[in-house]
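Structural description and commentary
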Amino acid sequence: MTTTAIDALHDVHTATNDVLKGYREMSARAKPDIQLVIRRLSEMHERHAAEQAAELAILRDPGKDDSSLQGTVNKVVVILRDWLTNLDREVLPVVREGEESLRKEYDKALNHRLVSENSSVAELLKTQRRSISSEIASLP
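Fair warning: this is a prediction, and the values are worked out from it, not measured in the lab. Residue numbering note: each chain is counted from 1, following its sequence as written. This being a predicted model, a pLDDT of at least 70 is required before a residue's local features are given, and a value of 80 or more before pairs of side-chain atoms are given or counted; all residues contribute to the totals for chains, interfaces and linings. Heavy atoms from the whole structure form the basis of all side-chain values; hydrogens and water molecules are not counted.

Next up on the list: the packing of helix α4 (residues 92-110) against helix α6 (residues 119-138). At a minimum axis separation of 10 Å, α4 and α6 run at an interaxial angle of 160°. The angle between α4 and α6 falls in the class roughly antiparallel. Of the two possible hands of crossing, α4 and α6 adopt the one that is left-handed. When α4 is examined against α6, the residues Arg96, Glu99, Glu100, Leu102, Arg103, Tyr106, Asp107, Ala109 and Leu110 are found in contact with a partner set consisting of Ala122, Leu125, Lys126, Gln128, Arg129, Ile132, Ser133 and Ile136. When residues are sorted by character, Ala, Val, Leu, Ile, Met, Phe, Trp, Tyr, Cys and Pro go into the nonpolar class, Asp, Glu, Lys and Arg into the charged class, and all the rest, Gly among them, into the polar class. Of the residues that constitute the contact of α4 with α6, the class distribution is 8 nonpolar, 2 polar and 7 charged. Here an angle of 0 to 180 degrees is reported between the N-to-C directions of two axes, which are lines fitted to C-alpha atoms, with helices fitted over the stretch in contact. Helix and strand definitions follow DSSP, with helices as H or I runs of at least four residues and strands as E runs of at least two, each counted in order from the N terminus. Each angle receives one of four descriptions, namely roughly parallel if under 35 degrees, roughly antiparallel if over 145, roughly perpendicular if within 65 to 115, and oblique otherwise. Crossings are assigned a handedness: left-handed for a near helix turned anticlockwise from the far helix by less than a right angle, right-handed for a clockwise turn. What makes two residues a contact is simply this: any of their non-hydrogen atoms within 4.5 Å.

Following this line, the structure appears as C-alpha cells:
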C-alpha cells in the first residue's frame, strides 16, 4: 500500500491527538510539581494538532476522524497510574517515552518519499519534530 503525504499526515495527527488525550487526563490529576511540564507539552501538541488540521484542510482532506483506541488507552493508563501511585515527577520517564514514541511517528512519516516530495507537509512535520525533540531535551 502506498502511503501518500495525506495518509502520513493523518497518521501523525492521530498520534498527536492520542498523546493529547492522555495529557488532558494527566493535567487534571497531576501533582503541582509536574503541572507546568504537562501544560507546556499539551500546549505544544495542541498547536501541532491545529497546524496539522489546517494543512489537511489545505490538502482538501480533513474528513478522517483522527483519533484511535490508543488515545483511550493513554487516558486509562493515566487514571490507573493515578489510582496506584501519584502523578508526580516519577511519571516523567513515561512522559519522555511517550514523546519519543510520537517523534518516531514523525520519523516514519518523513521517511516516505511522497511526504518528502510534498514540501509543505514535509516542512510542517520537520518543524514540529524539532519542537518535540527540543521539549524532550528539556524534560527533567
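Text resumes after the structure shown.
Tracing the chain through its elements places Leu125 in helix α6. Each C-alpha atom of the pair Leu125 and Glu51 lies 9.8 Å from the other, and the pair is 74 residues apart in sequence. Those residues within four positions of Leu125 in sequence are excluded, and the remaining contacts are Leu9, Val12, Tyr106, Ala109, Leu110 and Val115.

Counting along an α-helix, one turn takes 3.6 residues, and residues three or four places apart therefore face a common direction. Any helix carries an expected span of 1.5 Å times its number of residues minus one. Given a rise of 1.5 Å per residue, 20 residues ought to cover 28 Å, and the 29 Å separating the end C-alpha atoms of α6 matches this to within 8%. Each residue's exposure class comes from its accessible area (1.4 Å probe, protein chains only) as a fraction of the maximum for that residue type: buried when under 20%, exposed when over 50%, partly exposed otherwise. Looking at α6, one finds that the buried residues are Val121, Ala122, Leu124, Leu125, Gln128, Ile132, Ser133, Glu135 and Ile136. Along the axis of α6, the buried positions cluster into a sector of 165°, meaning they face one direction only. Exposed residues lying more than 90 degrees from the buried face of α6 are Ser119 and Ala137. The directions from the helix axis to the C-beta atoms are what the arc is built from.

Mapped onto the fold, Leu102 is located in helix α4. Residue class for Leu102 comes out buried when judged on its relative accessible area of 2%. Spatially, the C-alpha atom of Leu102 lies 8.9 Å from that of Arg129, the residues being 27 residues apart in sequence. When near neighbours in sequence (up to four residues on either side) are disregarded, Leu102 contacts Ala15, Thr16, Val19, His45 and Ile132.

With that out of the way, let us pick up the side chain of His13. Topologically, His13 is positioned in helix α1 (residues 5-29). Given the relative accessible area of 10%, His13 is considered buried. Polar contact criterion, stated in full: a pair of N or O atoms within 3.5 Å, where within protein one must be able to donate a hydrogen and the other to accept it, and residues adjacent in sequence count only if both atoms are side-chain atoms. Engagement of the side chain of His13 in a polar contact is seen with the backbone oxygen of Ala49, the distance being 3.3 Å.

The relative placement of two packed helices comes down to the angle between their axes together with the axis-to-axis distance. Their axes nearest at 11 Å, the elements helix α2 (residues 32-58) and α6 cross at an angle of 175°. When the axes of α2 and α6 are compared, the pair comes out roughly antiparallel. In this structure, α2 uses Arg40, Leu41, Met44, His45, His48, Glu51, Gln52 and Glu55 to contact α6, whose residues at the interface are Ser120, Val121, Leu124, Gln128, Ser131, Ile132, Glu135 and Ser138. For the contact of α2 with α6, the residue count by class is 5 nonpolar, 7 polar and 4 charged.

Take a side-chain nitrogen of Lys or Arg and a carboxyl oxygen of Asp or Glu: if they are within 4 Å of each other, that pair is a salt bridge. Using the criterion set out here, one finds 5 salt bridges in the structure. Between Glu135 and Arg40 there is a salt bridge, and its shortest N-O distance comes to 2.6 Å. Of the two residues, Glu135 sits in helix α6 while Arg40 sits in helix α2, which places them 95 residues apart along the sequence. Residue Glu135 is classed as buried on the basis of its relative accessible area of 14%. The partner of Arg113 in a salt bridge is Glu117, and the shortest N-O contact between them spans 2.8 Å. For the pair Arg113 and Glu117, one class covers both residues: exposed.

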